[in-house]
Amino acid sequence: MLAEFDLIRRYLMPSQKRLATDGVALGSGDDAALLIPQAGHQLAVSVDTSVVNVHFPHDAPSFAIGHRALAVALSDLAAMGADARWCFMALTLDQRTFSNDTAIHSWMAGFGQGFHGLCQRHAAILAGGDVTSGELAVGVTVMGELPAGRALTRAGARPGDVIAVTGELGGGGGGLALWKRGERDLEHPLLRRYLLPEPRLAAGVALRGLASAAMDISDGLLADLGHLREASGVGAILDKEALPLAEGLEGALGREDAQQAALSGGDDYELLVTLAPGDVAHAQHQLSEQGLALTVIGQCTEALGVQGIAPAHHAGWQHFNEGTP
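The structure displayed is predicted, hence computed values, not measured ones. (Residues numbered from 1 in each chain as written. Predicted model: local features only at pLDDT ≥ 70, side-chain atom pairs only at ≥ 80, totals over all residues. Heavy atoms only, no water.)

## A closer look at helix α5 (residues 171–181)
Counting buried positions along α5 gives eight out of 11 residues, so the element sits mostly inside the fold. Listed in full, the buried residues belonging to α5 are G171, G172, G173, G174, G175, L176, L178 and W179. G182 lies just past α5 and shows a positive phi near 110°. (Buried < 20%, exposed > 50% of the residue type's maximum accessible area, 1.4 Å probe, protein only. Helix = DSSP H or I, 4+ residues; strand = E, 2+ residues; numbered from the N terminus.)

As structure tokens, then:
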């Protein structure tokens, strides 16, 4: 097996020339990276860890593992309305799962392709990281920028604001259900939503100055709405029939289970936002230019709690309580 630094150089790190043009004064090879933020901007920083058989299946393609590990971290920047700039990766690689060095090279090549492909689409760059041995896990720290004072947060929703979501819901939960049934075709729209989610960075930027509050949907709509309601001190009325269901979800699971996946399935990585009613049309127009829908699903209220949804639907994805994918 190649040594740690050989793996990093061969499959993970961009060229020094590219690092120099992307705000990295000093990249991999020293004890820390040196970054150059833009003047007048704030840094948005978030970290996510993806663990085998907790956040992704052990037999998922390495391309999808690399893509997904970065996507779920970038989704947090999208929720803040930040542009992605830099990321750092801590990869724990289980050497026992590979039969020989050729298998390791193949896995790392796919992983790097998935990770860097998403980096390039969102103008982010891997500025440093670490590779070690143990149970397969990927820790990703992302850093983004936005003009000072323009960040979207969870705490700005007001009674009377509408509640809306980008894109479609339930695809992550639906894709996991199909994977457990043995479906392996990554061209299936639900499996793509589960293993190859797309962080809504451009949508987050477009919603700056329009959304009163925002967060990404990672643990399920209701669980994440609960976090937003708590931070803002509001309640909510939801219209279950207005939920935009992911392509193929109802056909795969049936209407009732499809709605349950949309409410509590998790792994959707769409944006949950609140807006003043008068800003909805403008926000929808902004996102339509990206080919992305913004669907109104409810309204914020003064009365705390959630109306319109049965209590049994309120559960969301909980770490340490879920079975393996």
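## Observations regarding the pairing of strand β11 (residues 294–301)
In the sheet, strand β7 (residues 162–166) pairs with β11 via five bridges, with the strands oriented antiparallel. From the neighbouring strand, T166 faces β11, where its bridge partner is L294. Relative to β11, strand β9 (residues 235–238) runs antiparallel, the two being bridged by four bridges. When the bridges of β11 are listed, G235 appears paired with T301. (Pairing = 2+ DSSP bridges.)

## Digging into helix α3 (residues 62–80)
Over its 19 residues, α3 runs 29 Å from end to end, which matches the ideal 27 Å to within 8%, given 1.5 Å per residue. A large share of α3 lies buried, amounting to 16 of its 19 residues. Following α3 by one or two positions, G81 adopts a phi angle in the positive range, close to 80°. (Expected span 1.5 Å × (residues − 1).)

## Let's talk about the sheet that holds strand β8 (residues 211–216)
Spatial strand order, β8-β10-β7-β11-β9-β12: six strands in an open sheet with mixed pairing. A strand with exactly one partner marks an edge of an open sheet, and here the two such strands are β8 and β12 (306–307). Here five bridges tie β8 to strand β10 (residues 271–275), and the two strands are oriented antiparallel to one another. Of the residues in β10, the one forming a bridge with A213 is T274. Taken strand by strand, α3 contacts β8 and β10, and its axis lies near 175° from that of β8. Along the sheet face, helix α8 (residues 221–232) touches β7, β8, β9, β10, β11 and β12 and points at about 140° away from the line of β8. (Contact = heavy atoms within 4.5 Å. Axes fitted to C-alpha atoms, helices over the stretch in contact; angles between N-to-C directions.)

## Considerations on the environment of S99
You can see S99 is positioned in the loop between β4 (83–93) and α4 (101–121). One polar contact links S99 to N100, side chain to side chain, over a distance of 3.5 Å. (Polar contact = N/O pair within 3.5 Å; in protein donor to acceptor, adjacent residues only side chain to side chain.)

## Brief notes about the side chain of H122
By the element assignment, H122 lies in the loop between α4 and β5 (125–133). In contact with H122, not counting residues within four places along its chain, are L74, A84, E198, P199 and L201.

## Remarks on the sheet that holds β5
Reading across the sheet, the four strands line up as β3-β6-β4-β5 and stay open at both edges, with mixed pairing between neighbours. One side of each edge strand has no neighbouring strand; the edge strands of this open sheet are β3 (41–51) and β5. Within this sheet the neighbouring strands show an average axis-to-axis angle of 15°, counted without direction. Contacts between α3 and the sheet are confined to β3, β4 and β6 (137–147), with β6 contributing the most and set at about 30° to the helix. Lying over the sheet, α4 contacts β4, β5 and β6, oriented at roughly 165° with respect to β4.

## With respect to the UniProt feature "binding site: Mg(2+) 2" (unreviewed entry) in the protein chain
The feature "binding site: Mg(2+) 2" (unreviewed entry), as annotated in UniProt, sits at D48 and D76 in this numbering. Taking the farthest pair of C-alpha atoms as the criterion, the annotated set spanning 29 residues converges on one region, since that pair is 9.1 Å apart. Relative to the elements of secondary structure, D48 occurs in strand β3. Since its relative accessible area comes to 23%, D48 is described here as partly exposed. Setting aside its immediate chain neighbours within four residues, D48 contacts V72, A73, D76, V138, G139 and V140. (UniProt positions renumbered as here; feature names shortened; annotations may be inferred.)

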